[in-house]
Amino acid sequence: MEKTFAIIKPDAVERNLTGKILERIESEGFRIVAMKRVLLTLADAQGFYYVHKERPFFKDLTAYMCTGPVVLIILEKEGAIKAWRELMGATNPADAEEGTIRKEFAVNLEKNSVHGSDAPETAAFEISYFFSQTEVLS
Ligand code: ATP
Ligand code: MG
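Everything quoted here is computed from the prediction, not taken from an experiment. (Residues numbered from 1 in each chain as written. Chains lettered and ligands numbered in written order. Predicted model: local features only at pLDDT ≥ 70, side-chain atom pairs only at ≥ 80, totals over all residues. Heavy atoms only, no water.)

### Looking at the environment of Thr4
Then step 1. The topology assignment puts Thr4 in strand β1 (residues 2-8).
Then step 2. Note: C-alpha distance between Thr4 and Gly116 (112 residues apart in sequence) is 7.2 Å.
Then step 3. If we skip the residues at most four places from it in the chain, Thr4 touches Ile73, Ile74, Leu75, Ala80, Ile81, Trp84, Ser117, Ala123 and Ile127. (Helix = DSSP H or I, 4+ residues; strand = E, 2+ residues; numbered from the N terminus. Contact = heavy atoms within 4.5 Å.)

If you want it as structure tokens, here you go:
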């Protein structure tokens, strides 16, 4: 069964949307394999988003990810990576399709409520970045 990594970002946690987003995830048939609510340090956020370190939005993005608690989640489902990206919707909520989480909840391009891994290699990196092996139950 494929695993992917998800984050409920600070804008959504702050607006008490954690339960609503988890409800969407579970009703789409994902299994929550591991989950924790944490406040990231700037170093955590910079390491996590290192692929974007040369991008103009890197500084704002990493600062934003530390503005409040986030929920880190490992999801499992057949084709989980693609299925979770589809449920999230486009990065910019203005382009997100009806019925997606970003369409329903995101504030703007930066405060877009959720994160999802975009490939098997990034899912493996992101899971191991935040979770130890003993935290990942199967
Ligand atoms: P994520 O990686 O968070 O799941 P994504 O894969 O849809 O989102 P990326 O291109 O990886 O999008 O960008 C990572 C995050 O950086 C976006 O989710 C968004 O919060 C922020 N971001 C992306 N592009 C911009 C931009 N042009 N201006 C501001 N923030 C941006
Ligand atoms: Mg991405």
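### A short note on a nonpolar patch on the surface
Then step 1. On the surface, Tyr50, Val51 and Phe125 cluster together into a nonpolar patch covering about 280 Å² of accessible area.
Then step 2. Here Tyr50 is to be found in the loop between α3 (42-48) and α4 (58-64). (Patch = residues over 30% accessible without salt bridge, like charges linked within 9 Å, V, L, I, M, F, W, Y side chains within 5 Å. Areas by Shrake-Rupley, 256 points an atom, 1.4 Å probe, with all protein chains shown as cover. Salt bridge = Lys/Arg side-chain N within 4 Å of Asp/Glu carboxyl O.)

### Remarks on the nonpolar core
Then step 1. Counting residues in each nonpolar core, the largest one holds 20 residues, and the members touching the most others are Ile8, Ile21, Phe30 and Trp84.
Then step 2. Elements that contribute at least two residues to this core include exactly β1, α1 (10-14), α2 (18-27), β3 (70-77), α5 (80-88) and α6 (101-105).
Then step 3. Examining the composition of this core, we find that 5 residues originate from one element, α5, more than from any other.
Then step 4. When residues no more than four places from it in sequence are discounted, the contact partners of Phe30 are Ile25, Leu75, Glu76, Lys77, Ala80, Ala83, Trp84 and Leu87.
Then step 5. Counting 18 residues, the second-largest nonpolar core is a separate cluster that includes Leu40, Ala45, Phe48 and Met65. (Core = buried A, V, L, I, M, F, W, Y, C linked by side-chain atoms within 4.5 Å. Buried < 20%, exposed > 50% of the residue type's maximum accessible area, 1.4 Å probe, protein only.)

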